[in-house]
Structures are given as C-alpha cells and as structure tokens.
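Residues per chain are reported as follows:
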There are 6 protein chains.
Amino acid sequence: MELRADKFMKIKVINPNTSASMTEQIGATARSIASRETEIVAVNPDMGPVSIEGFYDEALSVIGVLDEIRKGEAQGTDGYVIACFGDPGLYAARELARGPVIGIAEAAMRTAVLLSSEFSIVTTLARTRIIAQHLVDRYGMNQFCRNIRSIDLPVLSIETDTKAQTAILEECYRAIKVDQVGAIVLGCGGMAHLAVQLTQELNVPVIDGVSAAVKLAEAVISLKLKTSKAGSYAFPIAKPYTGIFQSFSSSENP
Amino acid sequence: MELRADKFMKIKVINPNTSASMTEQIGATARSIASRETEIVAVNPDMGPVSIEGFYDEALSVIGVLDEIRKGEAQGTDGYVIACFGDPGLYAARELARGPVIGIAEAAMRTAVLLSSEFSIVTTLARTRIIAQHLVDRYGMNQFCRNIRSIDLPVLSIETDTKAQTAILEECYRAIKVDQVGAIVLGCGGMAHLAVQLTQELNVPVIDGVSAAVKLAEAVISLKLKTSKAGSYAFPIAKPYTGIFQSFSSSENP
Amino acid sequence: MELRADKFMKIKVINPNTSASMTEQIGATARSIASRETEIVAVNPDMGPVSIEGFYDEALSVIGVLDEIRKGEAQGTDGYVIACFGDPGLYAARELARGPVIGIAEAAMRTAVLLSSEFSIVTTLARTRIIAQHLVDRYGMNQFCRNIRSIDLPVLSIETDTKAQTAILEECYRAIKVDQVGAIVLGCGGMAHLAVQLTQELNVPVIDGVSAAVKLAEAVISLKLKTSKAGSYAFPIAKPYTGIFQSFSSSENP
Amino acid sequence: MELRADKFMKIKVINPNTSASMTEQIGATARSIASRETEIVAVNPDMGPVSIEGFYDEALSVIGVLDEIRKGEAQGTDGYVIACFGDPGLYAARELARGPVIGIAEAAMRTAVLLSSEFSIVTTLARTRIIAQHLVDRYGMNQFCRNIRSIDLPVLSIETDTKAQTAILEECYRAIKVDQVGAIVLGCGGMAHLAVQLTQELNVPVIDGVSAAVKLAEAVISLKLKTSKAGSYAFPIAKPYTGIFQSFSSSENP
Amino acid sequence: MELRADKFMKIKVINPNTSASMTEQIGATARSIASRETEIVAVNPDMGPVSIEGFYDEALSVIGVLDEIRKGEAQGTDGYVIACFGDPGLYAARELARGPVIGIAEAAMRTAVLLSSEFSIVTTLARTRIIAQHLVDRYGMNQFCRNIRSIDLPVLSIETDTKAQTAILEECYRAIKVDQVGAIVLGCGGMAHLAVQLTQELNVPVIDGVSAAVKLAEAVISLKLKTSKAGSYAFPIAKPYTGIFQSFSSSENP
Amino acid sequence: MELRADKFMKIKVINPNTSASMTEQIGATARSIASRETEIVAVNPDMGPVSIEGFYDEALSVIGVLDEIRKGEAQGTDGYVIACFGDPGLYAARELARGPVIGIAEAAMRTAVLLSSEFSIVTTLARTRIIAQHLVDRYGMNQFCRNIRSIDLPVLSIETDTKAQTAILEECYRAIKVDQVGAIVLGCGGMAHLAVQLTQELNVPVIDGVSAAVKLAEAVISLKLKTSKAGSYAFPIAKPYTGIFQSFSSSENP
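Throughout, residues of each chain are indexed from 1 in the direction in which the sequence is written. To label them, take the chains in the order written and letter them from A, then take the ligands in the order written and number them from 1. Restriction of local features to residues with pLDDT of at least 70 applies here, the model being predicted, together with a cutoff of 80 or more for giving and counting side-chain atom pairs; totals for whole chains, interfaces and linings are based on all residues. The side-chain numbers reported here are obtained from all heavy atoms of the structure, hydrogens and water having been left aside.

Chain A appears in an unreviewed UniProt entry as Hydantoin racemase from Leptolyngbya boryana NIES-2135.

Encoded structure:
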C-alpha cells in the first residue's frame, strides 16, 4: 500500500451506485492509470441503488454522490471523478467542490474527439441510451457521436457474465464496421476494466471514462485551476434543509 | 372544500421546495385555473431545501418530488405538475408515474410559443439562469427564447417583498422593449400569482408555468394519454436501494 | 344538438381542404374529446384543394383557412385549430385572430414530448415528409423526432381504404421496433379517428393532432391568454388588396 | 426594346405585391444586371396586397405568385425570381415550375457568404424581422447572419421617401460598426435599386437579392439544371380545386 | 483559340492537385459551361500532391492554391474557382484576392438546394467523407444533406477506370432510392465531366461543383461585387515570412 | 537541464509561427506545467510567418507544423501540441502522428467547460475572431462560449507591450462583468505566460491553451491511447508530391 507522504494530490473516485465490487473494480482501474503522485480514494455512497439503469436510479444516486463530495471537501480532496456514465449530480457537485469534478461521460467523450473525428458509444440497457443522448446534446458532441449502441444487458452482468463481455466486443465491431467510427466510448463505469483489452483487440482507441476522468482531473489539478465560483458553480447558498436532508444544509460552506 | 365525487381527475401539484407558504400560493393559483372537474392536491415534500437556487438545491429537491409521485401513484393520481422552474426530477418522475408529469418550465415555454414567435424568461437569482438555459436547450427552445433575464433577488423574497415584484415588472418591460419579444415566461414557481396582473399591465401574454402545466396536464389526461412505458420512461427496474433510500426501491412497481 | 347557452368557449376547427367528409370526421373527433363546455365548429373552406399533398396544395389552402379565421373573428370565436399536418397559414392566422390558433402538427409534437423522450411521425405520401421535416426544424423538435415515416398512400384513401389503415398500423409497429420510439405522431388530419384504437393496439401513446390541438386551445383559452399583438403576430396592417382578394383587406381590423 | 430573337433565356421576375411602380423598379434593376442574352419579364400579380409587411400579407401574395408561375410555364419561361424578401410561395412554385425558381432572400444570403464570413440584414418594418429570421434558420444561415436590423418604416416609403433611404444607410453603417460584419443583405425587394450606390458609399458588398437572384437563375439555367421532380418538388398531383381556385387545379400538369 | 479581346472577365480555375490531366479535364468542363465572354484559365500548382485524399494532402495543396491566387492577382484575374471538393485554402485565398473566390464544394451544395429540398454527396475514398462532413457543417448544410456516400476508390481512378464510373452511377442510384433525395452532389473535382451524362441517366440534377462554381463566379463578377475587405477577409497583414515561404510575404499587398 | 533518462514521455510543443522569442516563452510555460517525467521539446518551423493573424498566415504556417510533426515521428515523440489558437493543421498532423496531437484552442475550451458552465475568449486582432468562431462551431462549443472578445492589438505586441497586457486584463474584466461568464479562455499562444497571474488577479479560471494542451497530451499518452488510424486520421496515402514539397511525400509512412 502506498503512503500518503508520497502523494501530491488526492482524487476521490465516486461510484454512484452502492455495489462495492464495482467500486473495487473502478478503483483498481483508476489506480492502475493514476500518476504515482496521485492518491486514489475509491468509494461508493452508503445510500442509493445497486446499479443505475434509468432516470429514477440516477436521481436516487445523486444524493450519495453529493454526500461523498461533501465529505471529500472536509478531507482535503483535490478533485473528484463521478464514475457513472450519466454523470449524475455533476453540476451540483461542482457547486460543492473547490477543485475540479469530472464526469466519466464527459471525460470519455472529450478524450475520444482528440483521437478520432467520430466515435460511437456502447452502453448497457437500451433504455439508458437516452441518458447518453442527453449528455451528447449537453456536451456539444452531436458532430462527433455517430451512434449510441446498447448490448441490452444489465449493468451488473458485465462484471461476471462473459456473455455480456462478448456482447460488448461484438457491438464495438459493429460500431467500427457499420457506423464507420475510429473510436469507441464505453458507456458504463462497469466496463472500465475492459478498455485496455478491447483497444488491443479492436485496434482502435476504446475509451473508458474512469481512466480518462482520472487523467483529466490530474491535469486540471496540475494546472492549479479550480471550479469557478463566479456564477453558475458558486457555493450553494446557506439555507435550511428539512427532513432526511437536514445535514445537507450548505450553511457551513465557505 | 370540494368533494371528490364531483371530480373526474386528480392532479397533484408538487412544490419541490419545503416552504409551505409557497405551496399554498401555488395551490391557490392552480385551483383558480383548474377545471371544475379537477381536484388539485398541492403538496411539498417533507425533506429538502426551503428554496431552490442552484444545481445543489435542485438535486436535493428531487428525492422529495419522487416521494410525492410515489405516494401519488398509490392515491390514484391522474397527473402531476412539478412546480419549480428547473423541472427537477422530471424524467425520473415520468418513470414512476402512469399518468402525465408536466414541468412548469416546459409547460410555460411550450405555451408561450403558441402565442408569440419569441419570448424572454424573467427569473430570480442570476446564478439560476444557467438552469433555465439548459432547459431551453433541452426542450428545443433556442429558436424562440431571446433572453433569460434575472432580477437577482432570492426566490422567497417574491412572496413578501414588493421590491421584488417591482423588479419583475421592470425586467418584463425591458424584455418587451430591448429583446423585442411578444411574451414573457415567468421563471420561478413563486411568481405564479403575478401572471394575471402582469398580463394586464404589460398587455402581452405573461405565462406562469404552474397554470400552464395544470391545463396541459388536464389536456393530456382528457386525451386519455399516459406516459409511454415503451422505452425511456419505462417503470424503474426492481432492485435493492440501501441506506436512507431503502423505501425507494422500485420493486413494488407494476 | 347542444345549445350555445351551455358553452363557455367556442373553438373553430378548420379542415384546410375542401373534403366535407373529412371535415365531418375531424369534427366528430374534436367533439368527442372537447370539454362539455366547449362548442366545436368544424368547417372547411369553400375554396381550395380536396386534399393537401404537397407545397402547392398547401399554399392553395391557406386563403381558405384565413377566410375562416376572419369569419370566426366576426362570430366571437375563442380559439382555432388548423387541422392539416402542415399547419398551413398558421402564422398569418395568428395575425388575424385575437384568441389562440393551434396547428395540429405543433400540437401533436408538443404533446408527444410530454409522454415520451422520442417519437416518430407516420404520414401519408412520401413527398409530404419534407413538409413535416420543415415543421420539426421550425418547432425545435429535432432532438425528439427520430424519423418521419410514410405509408405512401393518398390522404383521401385513409377514410375508406382498409389497406391504408393497415399500412399505418404496420408503419407504427416499425417505428416502435426500428426507431425505438415510445410514441407515434399521426402525420395527417385524416388519421384523427384512428388514434384511440392505435393507442390501444400498440400500447404506446399515438397522438392525433386534432384532439391534441382542441385540448391545447381549450387550455390556452382557460388561461385567459391570447395571441400576442406585440410584435410578430400584430394585426395585419390596413392596406388595399386587389383582384379576387379585395375582400381580404385588413382595413377593418381593430 | 430588345427582340426575343437575341435572347437565349427568359427569366420571369415576379414582384409578389401589386404595386406596379415597385415592379417597374425591380424590373429595371433586373434588366440592368441581366446578361445581354437574357430576357427579363417583370410582372406583378393582379391580385393580392400592395405591399408585404407580415405573415398575412405574405400568405395573400402566394396565390398571385403561383398564378404567374403557371402562366410562365405556358410561355416557355426558363426560370423565375420571386422578388420579395420573404420568398413567398417558393417551394410551391418549385412544384409548378420546370426550371429553377429563386427567392431573393436565399439568393442574397447565399451570395453574401461568398464574399464575407458574416453579414447583417437590413429590412423595413420591425415586425417583418421574424420572417427574415425564419428564412435564416430554414436556409442554414445562422452561422453567417449576425443580426437582422430594421428601419421600421413601411415598404412603400423606400421608393419615394428620402428619410427611408437615409435610415437604410444609417442602419448599414451600424451593422458594419456594431455587428462588425463585412457585408450587408438588403431585406426588401423595394431596396433593389439602392445596392450599387450603397456598396460604393459603404465600401463593403451590399447585396440586393433581385440582382443576385437573376444571376443565380441565369447560372442554373446555363448549367442546364432544372428543378428536381424526384421527391419534394414533384409536379402537384392532379386533383379538383374548388371556389375561386378552380382554375388552379394542377390536372393539366405534365 | 479564343482571343482575350472578346472576353469581359477572366476566371482562374485552380486544380489544387498537380495532375495535369485532371487539370485539363476540369478546364474543359469549365470552358464548356462558361459564358462566351469569360476567359477560363485552368491551372494546377507546380508543388503539392498528385491527388487529394485526406487532411494531409489537403494541407499540402493549400500553398499551391495560394501561389496561383497571388499570380492571378498580378494578372488581372476577376475571380477564382478552387476545384477540389475540400475547398482547400478557401478563406486564405479570399484574403489575397480582390474578386470572388468560390470553392466547388460550396458552389455545388448551394446550387443543389436551389433545385431539391435534399441532396446526397457521392465522393471517392471513404476516408475523405469527413472532409465533406466538415464542410456540410461549416456551410450550414445539415438540413439539406442527407448522406455522404463514397465509392471507396482513389481520385485518380475516376479518369480512366470505368469501374469507378460504374461505382459512381450505382452510388447515385442508391442515394436516390435509399436516401430519397432529389439531387446528387458530386464530391470530387475529378468527377466534373460526368455530371451531364449522370443527370440524363438518373433524371435528377447531378451537380458538378466545377461548373457550378464557374457560373457562381461569373454571377458575382457580373454583380460587380468583390470579396469584402472589411473584417475577416481583409488583405493579409504585411510581415516577414521565412524559409521556403519568403516569397509569400504579403508586404506588397495593397 | 534535465536528462532524458528521467523522462517517460516526450512532448513536442510546436509554435506554428517563426518568432523564436515566442517559442521560448511558450516552451517555458510548457515546461513549468509539465510533469517531471515529461520532456518538453519546444520548436518553431524554419519557414512561415512571424505571427499568425488571419487565414492566410494560418495557411502558410501549416506546412511548418507538419514538417515538425514528421521530424518528431522520426525522433520518437509521444505527443504534440500545436501552440497557436487557430489549431493550424490539426487534422493533417493527426494523420501523420502516431501519438496524440492537441491544439491549444481545443485544449483550452475543453478545459474551461470542466470548470465553468460558460466562458468567453479574449484574443488579439479583431480580424482573427472569426477563426476562433469557426473552432467554437467545429468543437461543439456554442453552448458554452458566450463571446469572443479582442484587444485589437497584434500578436507580437503581447510579449513586450504592457499596453497589450493591460488591454487583456480589461477585456477579461469585461467578459466577467458583461458576458457574466465564470472562466476566460486566452485566445493566443503568445498569452500563455499571463494565465497564472490573470487567474489570481481575476479570481476566475483563466485558461491558457498551451498549459492545458500539455496536460491533455500527458493524460492521453498515460492512457496509452493513440491517434486512431481507422478512418479519418489514417496515415496519409503514399503518393508523389512535387516542387518544394517533394520531401513531404508520405510514401515512407508505415
């Protein structure tokens, strides 16, 4: 285990769902790619859905993400990665955080366009394609994203089910052949560990957002740039929160 | 108090913040505009922020909105209105609900374009303009929305502070004169009660989203159309939720 | 026959083509969906094409639509529906009318997006798809409309020809399966009577613009909102018109 | 007067309003710019508004435009120019015509972008700016058009009123200085005769759509290209027209 | 050979690649379509790639194009055509030139939309489709261009290889049938000589950019309009150029 | 001076103009921000313009950039930065290079949107704003970029002229106040050394593309991702180049 003394920056990688095994896998991927000077803290909230497969799951995951950001701020975290392809709570997290907060969908897409003029996304359930499409629109990626493909298998099947992994490979091949793209964006945090092998097998860049986001976070932190507090991402205004969210009151914010 | 026996449809108007006085005002506006055959149930969640003035507040309000939708489904609600201009939780709510769920931002904008070729939005704090802008983008309203103006005063000031009401009037005048628009969209649920008077004073349609959303909900319910369960708004997949969200598990959904 | 005394609002549904049987069918659909308090006046102009299947037909139908609006204004009409999917003469009609004027294409599309994140349009002749596409662009619906499909059969065949009705059903199935949309928009006023049955058969919202427009018109009238006369939809400027259009001079406008 | 024998092509320039003096002026401009081998036939319909200053006027002008196209087809016309900046009836006219039909708005904008990376439009009444904006959208000109300015004086004032001409000059100066554009598009057929002098005075290209459209029509005719009859601009389908439009039946079309 | 005395305007058609046989063919096409009063000077640079099949080739061709523009300015050239479908160096050329500079891609696309509501492009190698796509975006043509098809054969094969010509014909047929477009844009200067025959064979307008650009250049020159020197296309600022580009210094510009 | 032995990656920062002093400054900025494990090679071509202030200058700089890329490939370079805000030759460079090639404009804009919901660009001469605008369009940044401001002073004045530096500061203040953005993108490679101080002074992220691009290049190289050779950025096809570009023939490419 690495000692904190050697580390110049601490990046918290938040898996927004509550599946610890996926958090481990995401953490392992993050550590494998992080600079030696970076401490990766991989966590998942203790509240929320075991996997995120729709708008409802996503909404229920946001509170946990924000809770982890809040804790992170108290722990001197330099930057954050939100490790679910819907980038849940991204803008709210940016209000809370001093340092950069990077979503894996935005990280993956913004990395893909540096390497190929067009890409396709390969995601899990068909019903989640709309979440990816909304992000493609939001991030100005319509000129670059040719297609959003799905294997139509659940998120949690990727870890264990070789059928799912085969389906991902096949869908990637179809993207290259049919969509004629030069790069693939993996549309699920649970696919993080597959990117290296897929890149070799397919001979095109296959981009995992977790890895990409860790490197982007490191980059921004090295640039000594922080989330802008002028305007849209200013700290939340101090005010009462009621019920189960009492402790979320932003009154203690700087 | 009206009896249910006279009512053909029940519409739940959810104020996503926890300010009861605002809920009352919103409910009063909704009842004043609803058909005689419509029962309006105006509520606010018992958890969340007292007002919504940024992405963080908005994120914290979504759970309460979904909680009210879930309860509403058990109560035979025919349709829902989400009465905050950021339309928090709209797509997640649509997954939960059988009937239509209408956000007041989308209702107001979609109504405005029926009456004027262009409109401007007048909202509260400057920092929330970006939330409105994201919705303008998302709803395909860029060709219609000329400007998003703010009075830069807090949401809760509108209820009591005549200064805020004067500021709204002045900003509306500026929109008509400078932006040269033929209609105004009020960018906050807390402005609902001002629309009728502003319309008279300014002699252009001033659209309050609460009223517009109630009428749209009635319209869709009368059309016997429901939220599509084929695709993106299918019921949430049954799965475990942990922590404070255990009770949010969608396992009991049809 | 209902008495005017019971009615609070009068909505004129204008079938822009001159086929009386289609007008009757459209009128029947409109009445079946209208509030008990709404008087539906279904008419067609006494000039123009028997069906609208291209830009030329559409252009020739506009005068008749405007003639009916003008007459409607003299008859104390509260709102109007233009019951052809090209929304012919919509903006000109808004200049003439005090109350709202709703096109069935805009009504159908704006209703569809309340119920499904994406829809496809099913229309008649392939050559008219471009008219629908222009409206999709104009109304900011490109993010929502996945496809414009055609059965490539004439408008007037829908009424009588079961082959046409079968073709519509099949094209709807293809939209759901291939385009993977959660809702269908019927792309012709002559399909109005098919929506209820198709919705049941396909188990997704199938939206008929006539019904949707009647309900939207009722909604806007209930909101006591009128077409904005500030700017683009101001009353036509009084000036001489010559030839067969002498009587169209707007000099008598308020 | 020139003899037909010397002419290789006949272009009909249709002023969609019924003001003969404006037709003369437009015809003079067209002739001054046309190739020696081109016969210019400048006409205006004998029905419709004396000037076009809104959607209603525009709608009423379309029939006259189509009537002139129909006559033109019988007279062996090679191409057409629709000489009003709203391009009224353009797509319907293309269905009727064998040769090219060019609108002056599209001609002016498509010419401007060959000479400057950005342009502004200067038009007459403020209320007609929306018509220009719709065309900017429709023609894909949003990346090029920085502003749509108006002198807010009536169309017919341009001919005689030096105040109007001064206002145009001033608005052009403002476009160059404030919008920082390198070219001006004149937003009214009635401004045709001013372009040459304005170009000299302002030292930037000032584009008159009448002249531009005549040259584009000549260009397309020389290319031996005709309006495509495959698809959207196919000849109108033969069918009965009733009332004052009986004679508009397209039954005699090829 | 025609005498200069008869000519009113001189247009230089620059084939950006160094294949003299293609220059000849392009020149022949240009001359066949030019007005009798136009002198066509068809050239290719004496530096650069023999064909342009990617971004690198394109970049290497730009210098040669600019060199020919510079020489053209010294020779009293009235206008220029850049005869490669990527329009290489277009904006730089406009800075150098007094008269209009027309790219064949923009000329072809802007001509196509005058004749059909939608078109497809047929180009050579699949890898060059992205260049066409970038121009479609840049020129605001996304609403009009349905597809960019490629025969996936090299540029230089078109001249001699009947297989390539057959492939072009087949791809055009597919565009009409599958994309359902009413016009084809030929996506390579080397296809210029095929347009007339393809138009006849396919019975839809098949637009060659070389011909279209020559006619557009003639049109703009006749309009006495020049490249705007206010703003983006102002003459290059005089400054030192080093190395092999010393002679490209713009210091001698007016 | 650092020894190569300590370095894991070599990044070549190419200043596309020929001003050695600017290259030094850019190199110093790059080195100050690079990881200790990165070797920065800062160069400028020995051919081309001393500064880039328009499309012509830009075109003339591309060859030098490509020449440096080609040399870099022979020297085992891992990645490249093109250090001029127009990103000249970016796509051509990607065809040549195995590793990533990052333009400073894309790097700066893609970094800015991680930290603020909107940004403005501050550039040098007004005439170059159009180059930035084209990149904003190309990179899908229209939703994020509120304004492109210029100090209207030459590129080379920034190095030495305190007036220029004051003008930059003032324009940044205006961007924050008038455009209401939360971040500034510096629109010129020559401003690289000003970012740190401006960030402190303005208290918002001021992004210098050189620094951002170095960190992005490091990130992508660490991810072991390379420029995709499937499709648009495939190596140039081997073919003869003539004249001064003979040595640019890509025949020796892998």
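## What about the relation of the copies chain A and chain B?
Laying chain A over chain B is done by rotating through 180° and shifting 0.0 Å along the axis; what remains is an RMSD of 0.0 Å. What the superposition gives is, in effect, a two-fold axis relating one chain to the other. Here, two residues are considered to be in contact whenever any of their heavy atoms come within 4.5 Å of each other. Both copies contact each other with a shared surface, as 100% of the interface residues of chain A are interface residues in chain B too. When the copies are overlaid, the least-squares fit takes in C-alpha atoms only where the residue has pLDDT of at least 70 in both copies.

## Quick notes on the sheet that holds strand β9 (residues 206–207) of chain E
All names here are of chain E. Being paired, for any two strands, means DSSP has found at least two bridges between them. Counting from the N terminus, the helices are DSSP H or I runs at least four residues long and the strands are E runs at least two residues long. Spatial strand order, β7-β6-β8-β9: four strands in an open sheet with parallel pairing. Either end of the sheet is taken by a strand with one partner, and the two such strands are β7 (145–150) and β9. Two strands pair when backbone bridges link them, and strand β8 (residues 183–186) and β9 are joined in this way by two bridges, in the parallel orientation. The residue bridging Ile184 from the neighbouring strand is Val206, located in β9.

## Quick notes on the nonpolar core
Among the nonpolar cores identified, the biggest contains 564 residues, and Phe119 of chain A, Phe119 of chain B, Phe119 of chain C, Phe119 of chain D, Phe119 of chain E together with Phe119 of chain F are the most heavily contacted of them. With near-sequence residues (within four places) excluded, Phe119 of chain B lies in contact with Met109, Ala112, Val113, Met141, Phe144, Cys145, Arg146, Asn147, Val181, Ala183 and Val185 of chain B. Take the buried residues of types Ala, Val, Leu, Ile, Met, Phe, Trp, Tyr and Cys, join any two whose side-chain atoms come within 4.5 Å, and each joined set is a nonpolar core. Only protein chains enter the calculation, and the probe is 1.4 Å; a residue is then buried if its accessible area is under 20% of its type maximum, exposed if over 50%, and partly exposed in between.

## Thoughts on the domain arrangement of chain A
Reports of interface size often rely on the accessible area that becomes lost once the parts have come together. Residues and elements named next belong to chain A. The domain limits used here are those given by an automatic or database domain assignment. The domain architecture assigned to chain A consists of domain 1 (4–103 + 212–252) and domain 2 (105–209). With centres defined by C-alpha atoms, the gap from domain 1 to domain 2 works out at 22 Å. The interface is formed by 26 residues belonging to domain 1 together with 32 residues belonging to domain 2. Accessible area that two parts lose when put together, evaluated with a 1.4 Å probe and summed over both, is termed the buried area. Here domain 1 meets domain 2 over a buried area of about 2,200 Å², counting both sides, of which 61% is carbon and sulfur.

## Notes on the packing of aromatic side chains
Between the rings of Phe, Tyr and Trp (Trp by its six-membered ring), a pair exists once the centres lie within 6.5 Å; its type follows the angle of the planes, with under 30 degrees stacked, over 60 edge-to-face, and the other angles tilted. Tallied over the full model, the rule gives 33 aromatic pairs over all chains. Considering the side-chain rings of Phe245 of chain E and Phe248 of chain E, the 5.6 Å spacing of their centres and the 90° angle between planes classify their relative orientation as edge-to-face. Each member of the pair, Phe245 of chain E as well as Phe248 of chain E, is classed as buried. These aromatic residues form a ring-pair network of at least three members: Phe245 and Phe248 of chain A together with Phe245 and Phe248 of chain B. To sit over a ring, a charge needs its Lys NZ or Arg CZ within 6 Å of the ring centre and within 35 degrees of the ring normal. A cation over an aromatic ring shows up here: Arg70 of chain A above the ring of Phe248 of chain A, its NZ or CZ 4.5 Å from the ring centre. Geometry around Phe235 of chain A places Lys229 of chain A over its ring, the cationic atom sitting 4.1 Å from the centre.

## Points about the arrangement of the chains
Spatially, chain A is disjoint from chain D: no contact exists, and the shortest C-alpha separation is 15 Å. Between chain C and chain F there is no contact, and the shortest C-alpha to C-alpha separation is 15 Å.

## Some words on unusual backbone geometry
Of note, Lys224 of chain C is a non-glycine position whose phi angle comes to about 55°, a positive value. Note on placement: Lys224 of chain C falls in the loop between α9 (209–222) and β10 (241–242). Even without being a glycine, Gln180 of chain F presents a positive backbone phi close to 55°. Residue placement: Gln180 of chain F occurs in the loop between α7 (162–179) and β8 (183–186). Note on Gln180 of chain F: relative accessible area 40%, which makes it partly exposed.

## A look at the side chain of Asp137 of chain D
On the secondary structure map, Asp137 of chain D appears in helix α5 (residues 129–138). Pairing of N or O atoms within 3.5 Å defines a polar contact, subject to two protein rules: one partner must be a possible hydrogen donor and the other a possible acceptor, and residues neighboring in sequence count only if both atoms are side-chain atoms. Polar side-chain contacts of Asp137 of chain D include one of 3.5 Å to the side chain of Gln143 of chain B. Aside from chain neighbours lying at most four places away, what touches Asp137 of chain D is Gln143 of chain B, Arg138 of chain C, Asn142 of chain D together with Gln143 of chain E.

## A word on the pattern of salt bridges
All names here are of chain F. Each salt bridge in this description consists of a side-chain nitrogen of Lys or Arg and a carboxyl oxygen of Asp or Glu lying within 4 Å of one another. A complete count under the given rule lists 96 salt bridges over all chains for this structure. With a closest N to O distance of 2.8 Å, Lys215 and Glu218 form a salt bridge. With a gap of three residues between them, Lys215 and Glu218 both fall in helix α9 (residues 209–222), about one helical turn apart. We classify Lys215 as buried; its relative accessible area is 5%.

## Observations concerning the interface of chain A and chain B
Chain A puts 44 residues into the contact, and the matching count from chain B is 44 residues. The largest contributions to the chain A side of the interface with chain B come from Phe55, Tyr56 and Arg127 of chain A, which together make up 20% of the buried area. Here chain A is connected to chain B by eight salt bridges. The shortest N-O distance in the salt bridge between Lys239 of chain B and Asp57 of chain A comes to 2.5 Å. For the pair chain A and chain B, the interface holds 28 residue pairs in polar contact (both at pLDDT 80 or more). Secondary-structure elements contributing two or more residues to the side of chain A that touches chain B are β3 (48–49), α2 (55–74), α3 (90–96), α5 (129–138) and β10 (241–242) of chain A. Per-element accounting of the side of chain A that touches chain B gives the leading share, eight residues, to α2 of chain A. Any residue outside Ala, Val, Leu, Ile, Met, Phe, Trp, Tyr, Cys, Pro, Asp, Glu, Lys and Arg is labelled polar, Gly included; the first ten of those are nonpolar and the last four are charged. Considering only residue class, the side of chain A that touches chain B consists of 26 nonpolar, 10 polar and eight charged. With two bridges connecting them, β10 of chain A and strand β3 (residues 48–49) of chain B associate as antiparallel partners.

## Observations regarding the environment of Gly140 of chain D
Tracing the backbone through its elements, the reader meets Gly140 of chain D in the loop between α5 and β7 (145–150). For the pair Gly140 of chain D and Glu53 of chain D, spaced 87 residues apart in sequence, the C-alpha separation works out to 23 Å. Excluding residues that lie within four positions of it along the chain, Gly140 of chain D makes contacts with Tyr139, Gly140, Gln143 and Phe144 of chain E.

## Things to note about the side chain of Asp87 of chain B
Residue and element names in this part refer to chain B. Looking at the element boundaries, Asp87 is found in the loop between β4 (79–82) and α3 (90–96). At 2.6 Å, the side chain of Asp87 forms a polar contact with the side chain of Tyr139. Sequence-distant contacts of Asp87, that is, excluding residues within four places in its chain, are made with Ile82, Gly103, Ile104, Ala105, Glu106, Leu135 and Tyr139.

## Considerations on the sheet that holds strand β4 (residues 79–82) of chain E
Across a sheet, strands are paired by hydrogen bonds formed along the backbone, either parallel or antiparallel in direction. Residues and elements named next belong to chain E. Here we have four strands laid out as an open sheet, ordered β2-β1-β4-β5, and parallel in their pairing. Pairing within the sheet leaves two strands with one partner each, and these edge strands are β2 (38–43) and β5 (101–103). In this sheet, adjacent strand axes meet at a mean angle of 20° when their direction is disregarded. With four bridges joining them, strand β1 (residues 9–14) and β4 adopt parallel strand pairing. Bridging across to β4, Ile11 finds its partner in Gly79. Axis definition: a line fitted to C-alpha atoms, over the contacting stretch in the case of helices. Angles run 0 to 180 degrees between N-to-C directions. Across the face of the sheet, helix α1 (residues 20–33) comes into contact with β1 and β2 while running at roughly 170° to β2.

## As for helix α2 (residues 55–74) of chain D
Residues and elements named next belong to chain D. Helix span, as expected, comes to 1.5 Å for every residue beyond the first. The end-to-end C-alpha separation of α2 is 29 Å, in line with the 28 Å expected for 20 residues at 1.5 Å each. Note that the bend at a residue is defined as the angle between axes fitted to the seven residues ending at it and the seven residues starting at it. In the structure, α2 departs most strongly from a straight axis at Ser61, where the bend amounts to approximately 25°. Taking burial as the measure, the 20 residues of α2 include 17 buried ones, the bulk of the element. Backbone geometry just downstream of α2 places Gly76 in the positive-phi region, at approximately 70°.

## Here's the deal with helix α1 (residues 20–33) of chain C
Between its first and last C-alpha, α1 of chain C extends 20 Å over 14 residues, near the 20 Å set by a 1.5 Å rise per residue. Among the residues of α1 of chain C, Met22, Thr23, Ile26, Gly27, Thr29, Ala30 and Ile33 of chain C are the ones counted as buried. Burial along α1 of chain C is one-sided: seen end-on, the buried residues are contained in an arc of 160°. Of the exposed residues in α1 of chain C, those oriented more than 90 degrees away from the buried face are Glu24 and Ser32 of chain C. Where α1 of chain C is buried, its residues touch α9 (209–222) of chain B together with β1 (9–14), β2 (38–43), α6 (157–160) and α9 of chain C. This arc corresponds to the set of directions leading from the helix axis out to the C-beta atoms.

## Considerations on the pairing of β8 of chain E
Residues and elements named next belong to chain E. Every second residue of β8 is oriented toward a common face, with Ala183 and Val185 on one face and Ile184 and Leu186 on the other, all of them buried. Pairing geometry for strand β6 (residues 119–123) and β8, over four bridges, is parallel. Looking at the pairing, Phe119 lines up with Ala183 of β8.

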